Amino acid sequence: MKLEKSIELYTRGKRHLVGAVNSPVRAFKSVGGVPIFIERAKGSKIYDVDGNEYIDFVLSYGPMILGHRNGVVEKTIKKYMKNGYTFGASTKGEIIMAEMVCDAFPGMDKVRFVNSGTEAVLSAIRLARAYTGKNKIIKFAGCYHGHSDALLVAAGSGLATLSIPGSKGVPDEAVKNTLIAEFNNIKSVENHIRKGGIAAVIIEPIAGNMGVIQPDKKFIKELRELTKDNDVLLIADEVMTGFRSQYGGAQELLGFEADITCLGKVVGGGFPVGAYGARNEIMEMVSPLGDMYQAGTLSGNPIAMACGIATLKELKKQNPYKDFEKTAAFLEREMKSAAKKNGIDLQVNRFGSMINPFFTKTRVVDFKTAQTSDTKKFKTFFWKMMENGVFLPPSQFESWFLGTAMTKRDIYKVRSAIQIAMKAVADKFNK
Ligand SMILES: *Cc1c(COP(=O)(O)O)cnc(C)c1O
């Protein structure tokens, strides 16, 4: 596999960029080798600077659900570019986007647009504290909610991969109000709530940042009841799952309604957009209606809104969710049969259009069991998949993302790559 130009750019990039990247997941640290540099992408394919072509299962970690440079979306962006890039004043696009988002999530009467998932979540936490007058929050081990101080504990993929137990530079005071519970374990939430002072529980309803972890339906139902009964807000971090698991996110798929919902990734269709929303009485706390301050120079950026609107419209029209389910089921079957044939212990977790394998005998239901995966096997598997034209997230603890631009032919190609990669894992490890 030719990677000379990537290696050259990596060497050059390291001088003035930290690790030659602007986000640590792109550093390929856990799979070894150098990060590949991308030149362009179209539809289901992505091309690196050495001219290697890959079927893209990273999809920019989710946003590119329609594939790259979808025709309708691109036309819309170009049209809006002509009007100017940002004004520091309101535009009609923000209203249309708000109407679409609130229509998709019945728990949202009002929404505030921001520039990233991190910003959406940190604002949602501030809002929950403002609304309840309480300070403590509960998060689940292995769930990632962006890189704000209070949430950078037991935070999944990036941190799991790098084995950092949190982060330097986060003062103890910043996380002293953050309590950790176990995913799929209602007792662990109850124990915290019993002590009182809890403003909110925040959850990735379908966990995607420790690999994919399916929620137990009963657990979600109990979590909703428990929080409601104790005047604790439930925050659904749907930055990954919003418009991806279903048009109405994990909440539609799992049949529950959160008090505050956070969005990001797909909602911007590839431009930096995040959002948080809730029913009126909660959102009316937010400035300028209320006293919870939160602002942004580029929030609701007109080009980003145009891209988001076009993406959501197209998603609604295509309604790809049943097809995603079928494709994911196919990939699960293929990975399992290839693993079995080669005598490899494998779990495949999936939910909607998110899927990934774990190299372990243990059923993966939470952060602890996710950690049982043999990451060395993943590393071998990953590079064989790359060599055979499949771009996967370079970490055991990231979800793969399906997109509407993937064709039957692409998926068959992926199947062949899986067979080759599983055999390579067996050749290396089953001696
Ligand atoms: C990606 C992600 C975030 C952070 O979003 P950024 O746009 O990277 O800041 C927060 N929560 C979840 C569940 C995510 O997947």
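Residues numbered from 1 in each chain as written. Predicted model: local features only at pLDDT ≥ 70, side-chain atom pairs only at ≥ 80, totals over all residues. Heavy atoms only, no water.

A.B. asks: Residues and numbers for the packing of helix α2 (residues 71–81) against helix α11 (residues 302–318), please.
C.D. replies: Where α2 meets α11, the axes come as close as 9 Å, and the angle between the chain directions of the two elements is 155°. It follows that α2 is roughly antiparallel to α11 by the angle criterion. For the element pair α2 and α11, the recorded crossing hand is right-handed. Contact with α2, carried on its side by Val-72, Val-73, Thr-76, Ile-77, Tyr-80 and Met-81, involves Ile-303, Ala-306, Cys-307, Ala-310, Thr-311 and Glu-314 of α11 and no other residues of that element. For the contact of α2 with α11, the per-class residue count stands at 9 nonpolar, 2 polar and 1 charged. (Axes fitted to C-alpha atoms, helices over the stretch in contact; angles between N-to-C directions. Helix = DSSP H or I, 4+ residues; strand = E, 2+ residues; numbered from the N terminus. Parallel < 35°, antiparallel > 145°, perpendicular 65-115°, else oblique. Left-handed = near helix turned anticlockwise from the far one by under 90°. Contact = heavy atoms within 4.5 Å. Nonpolar A, V, L, I, M, F, W, Y, C, P; charged D, E, K, R; others polar.)

A.B. asks: Summarise the domain arrangement of the protein chain; cite the residues concerned and give the values.
C.D. replies: Domains assigned within the protein chain are domain 1 (4–69 + 320–429) and domain 2 (71–318). Each of domain 1 and domain 2 has a C-alpha centre, and the two are 25 Å apart. With 37 residues of domain 1 in contact, the opposing surface of domain 2 contributes 41 residues. Among the residues domain 1 hides against domain 2, the three largest losses belong to Tyr-321, Phe-351 and Phe-367. Together they make up 24% of the total. For the pair domain 1 and domain 2, the number of links is 1 salt bridge. Measuring nitrogen to oxygen at the nearest pair gives 2.9 Å for the salt bridge that ties Arg-69 to Glu-74. Inspection of the domain 1/domain 2 interface yields 12 residue pairs in polar contact (both at pLDDT 80 or more). Of all the secondary structure elements, the ones that give two or more residues to the side of domain 1 that touches domain 2 are β11 (347–351), β12 (354–358) and α13 (367–370). Residue composition of the side of domain 1 that touches domain 2, by class: 21 nonpolar, 10 polar and 6 charged. (Domains from an automatic or database assignment. Buried area = accessible area lost by both parts, 1.4 Å probe. Salt bridge = Lys/Arg side-chain N within 4 Å of Asp/Glu carboxyl O. Polar contact = N/O pair within 3.5 Å; in protein donor to acceptor, adjacent residues only side chain to side chain.)

A.B. asks: A description of the pattern of salt bridges should follow, citing residues and the corresponding values.
C.D. replies: With the rule as written, the count across this model stands at 18 salt bridges. The closest approach of N and O atoms between Glu-74 and Lys-78, which form a salt bridge, is 3.7 Å. Of this pair, Glu-74 and Lys-78 both sit in helix α2, separated by 4 residues, roughly a single helical turn. Looking at Glu-74, the relative accessible area reads 22%, which means it is partly exposed. Between Asp-259 and Arg-279 there is a salt bridge whose closest N-O contact spans 2.9 Å. One end of the pair, Asp-259, is in the loop between α9 (249–254) and β9 (260–263); the other, Arg-279, is in the loop between β10 (274–278) and α10 (280–283), and 20 residues separate them in sequence. The class of Asp-259 is buried, set by a relative accessible area of 6%. Overlapping salt bridges, with partners in common, bring together Arg-224, Asp-259, Arg-279 and Glu-281 in one network. (Buried < 20%, exposed > 50% of the residue type's maximum accessible area, 1.4 Å probe, protein only.)

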